[in-house]
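Summary of structural features
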Amino acid sequence: MWRGERRTRILIVDDESGFRESLARRLEKRGAVINQAGNGLDALASLAQEPVDVVLLDVRMPGMDGLAVLERIRQAHPDTEIILITGNVNTNEGVAGIKAGAFDYLTKPIEIEHLIGKIRQAFDKLVRSQEQAREERFRVRMEAQLIAADRLAALGTLSAGTAHEINNPLAIINDSAGWLKSRAAKDESIAPAMRKDLDLALEKIETSVKRARRITHQLLSFARSADTMTKEFNLSELAVEVVELTRKTAAECQAEVSAACEVKDMRVWSDPYQVRQVLINLVSNGLQAVAPGGMVEIIITGNEKDAIAVVRDNGPGIPPENLARIFEPFFTTKPPGEGTGLGLSVSRGIIEKLGGQIKVDSKLGKGTIFSVSIPRKPIQSTDKQTEDISR
Ligand SMILES: Nc1ncnc2c1ncn2[C@@H]1O[C@H](COP(=O)(O)OP(=O)(O)OP(=O)(O)O)[C@@H](O)[C@H]1O
Ligand SMILES: [Mg+2]
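What comes next concerns the included structure. Model, not experiment: these values are computed from the prediction.

**A short note on the side chain of T340**
Considering the arrangement of structural elements, one finds T340 in the loop between α9 (320-323) and α10 (343-353). Overall, T340 belongs to the buried group, its relative accessible area being 12%. Polar side-chain contacts of T340 include one of 3.0 Å to the backbone nitrogen of L342. Residue contacts for T340: discarding those within four places in its chain leaves R211, R214, I215 and F330.

**Some words on the packing of aromatic side chains**
All told, the structure shown has 1 aromatic pair when counted by the stated rule. The cationic tip of K108 hangs over the ring face of F19; the distance from NZ or CZ to the ring centre is 4.5 Å.

**Observations concerning the packing of helix α7 (residues 235-252) against helix α8 (residues 272-289)**
It is at 9 Å that the axes of α7 and α8 come closest, and there the two elements cross at 45 degrees. By the criterion of interaxial angle, the relationship of α7 to α8 is oblique. Crossing hand, α7 versus α8: right-handed. Two secondary-structure elements touch here, α7 through L235, L238, E241, V242, L245, T246, T249 and A250 and α8 through P272, V275, R276, L279, I280, V283 and L287. Residue composition of the contact of α7 with α8, grouped by class: 11 nonpolar, 2 polar and 2 charged.

**Focus: the site of ligand 1**
For ligand 1, the set of nearby residues contains 19 residues, the closest of which are D313, T332, T333, K334 and T340. In the model, an oxygen atom of ligand 1 is placed 2.4 Å from a nitrogen or oxygen of the T333 side chain. Within the backbone of G341, one N or O atom sits 3.0 Å away from an oxygen atom of ligand 1. Taken by itself ligand 1 offers 600 Å² of open surface, and the protein chains cover 93% of this. Counting only elements with at least two residues in the shell around ligand 1, the list comes to α8, α10 and β14 (367-375). Top element by residues in the shell around ligand 1 is α8. It accounts for 3 residues. Taken together, the residues of the shell around ligand 1 sort by class into 7 nonpolar, 9 polar and 3 charged.

**So, the pattern of salt bridges**
Enumeration over the complete set of coordinates arrives at 18 salt bridges. The residue R9 makes a salt bridge to D53 at a minimum N-O spacing of 3.0 Å. Residue R9 is found in strand β3 (residues 9-13), and its partner D53 is found in the loop between α2 (40-49) and β5 (54-58); the two are separated by 44 residues along the sequence. Judged by its relative accessible area of 30%, R9 is partly exposed. Its relative accessible area of 1% is what places D53 among the buried residues. For the salt bridge of E352 with R348, the shortest nitrogen-to-oxygen distance reads 4.0 Å. Taken as a pair, E352 and R348 lie in helix α10 at a separation of 4 residues, close to a single helical turn. Of the residues examined, E352 reaches a relative accessible area of 44% and is grouped as partly exposed.

Analysis parameters
- Residues numbered from 1 in each chain as written.
- Chains lettered and ligands numbered in written order.
- Predicted model: local features only at pLDDT ≥ 70, side-chain atom pairs only at ≥ 80, totals over all residues.
- Heavy atoms only, no water.
- Helix = DSSP H or I, 4+ residues; strand = E, 2+ residues; numbered from the N terminus.
- Buried < 20%, exposed > 50% of the residue type's maximum accessible area, 1.4 Å probe, protein only.
- Polar contact = N/O pair within 3.5 Å; in protein donor to acceptor, adjacent residues only side chain to side chain.
- Contact = heavy atoms within 4.5 Å.
- Phe/Tyr/Trp six-rings, centres within 6.5 Å; stacked < 30°, edge-to-face > 60°.
- Lys NZ or Arg CZ within 6 Å of the ring centre and 35° of its normal.
- Axes fitted to C-alpha atoms, helices over the stretch in contact; angles between N-to-C directions.
- Parallel < 35°, antiparallel > 145°, perpendicular 65-115°, else oblique.
- Left-handed = near helix turned anticlockwise from the far one by under 90°.
- Nonpolar A, V, L, I, M, F, W, Y, C, P; charged D, E, K, R; others polar.
- Near = heavy atom within 4 Å.
- Areas by Shrake-Rupley, 256 points an atom, 1.4 Å probe, with all protein chains shown as cover.
- Salt bridge = Lys/Arg side-chain N within 4 Å of Asp/Glu carboxyl O.

Here you go:
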């Protein structure tokens with residue numbers, strides 16, 4: 001009784017040891033793996049230890065009767081099929097058993113070929129429903145991914161337009177604030193108290209413009225990820241550059257940032273500017289998460305096929321309930337005004353466009369590890385530039 005790679009596992013439950021033994025021997029000869037139990041409780045204990053595909057269950061047993069055992073098995077092991085074995089005088093029990101979820105019933109004396117046929121049917125049903133469950137899980141996962149991809153695509157289109165539109169008035173606000181500032185500095189008629197208020201208001205305008213710029217910058221980098229610019233670069237050198245670029249932020253956070261390149265020459269055909277943006281986002285997150293004295297490290301490794309940049313920190317870690325949400329656009333736990341919540345969603349968008357993957361692993365109280373892998377060779381694309389290079 002083989003199906004694919006696997007032998008059918010059967011538990012025979014019957015209080016008549018002679019019947020049990022002889023059935024076990026005959027089924028074993030046909031290639032099945034057999035366990036035995038002499039009563040209901042032993043059967044449940046055996047299943048808890050070692051699940052099987054099919055249970056052959058005697059209905060009439062001392063102690064817990066077969067139908068009660070059936071119910072308990074259905075509850076605890078819904079993936080197991082049960083064939084009842086009844087005395088020939090009482091088919092009512094068999095019918096009641098089917099109502100309670102048994103696959104089928106057979107009456108004693110058992111005709112072995114008939115029994116084997118039933119076991120095969122039960123096993124096929126089991127495999128089919130396992131396949132269906134697997135397909136269902138796959139479908140649900142694909143649907144969730146498609147919804148996420150749709151949302152990101154829509155966000156990309158929207159963000160390009162919005163960011164451009166907002167950048168222009170921002171520039172005007174910034175210039176005007178600058179003009180007001182220099183104008184006020186020259187105006188001696190302004191009373192000291194008034195000057196203080198004026199400076200404060202202008203400062204608020206400046207910091208708000210900076211914040212709005214950060215948002216448009218992230219949105220534009222996301223929108224730009226639609227047209228990638230492929231060239232050859234050394235990811236290890238890029239990591240060192242990112243350390244230099246984030247040193248100031250690190251100092252502000254009183255934290256250390258460093259790069260450890262296991263492979264000094266990790267050549268990649270990809271978009272260096274976008275990869276740099278992703279690493280900066282990840283390092284900034286790490287620096288913002290760690291306590292003073294904390295560290296953020298970029299580690300570059302990889303193999304023939306993929307280059308891998310790991311960004312790890314010894315910050316507080318990400319609570320499990322947030323872990324599933326951190327890549328959502330606008331998800332942030334930072335105080336209002338401090339985080340846009342776009343860093344990670346933009347980073348993921350970029351890396352997926354480049355044909356790579358971004359993964360996270362975090363332990364509360366220990367820290368967080370982001371791992372970015374990108375293919376070292378350009379992905380197949382209709383993008384002209386990529387085609388030229390791969391020729
Ligand atoms: N290294 C990290 N350690 C702990 N939490 C993190 C880490 N990286 C990300 N997070 C969590 O994920 C959230 C989303 O990160 P994301 O970069 O998308 O936005 P943000 O950092 O909040 O905003 P912005 O990137 O604009 O500064 C953060 O608010 C934080 O809660
Ligand atoms: Mg961030």
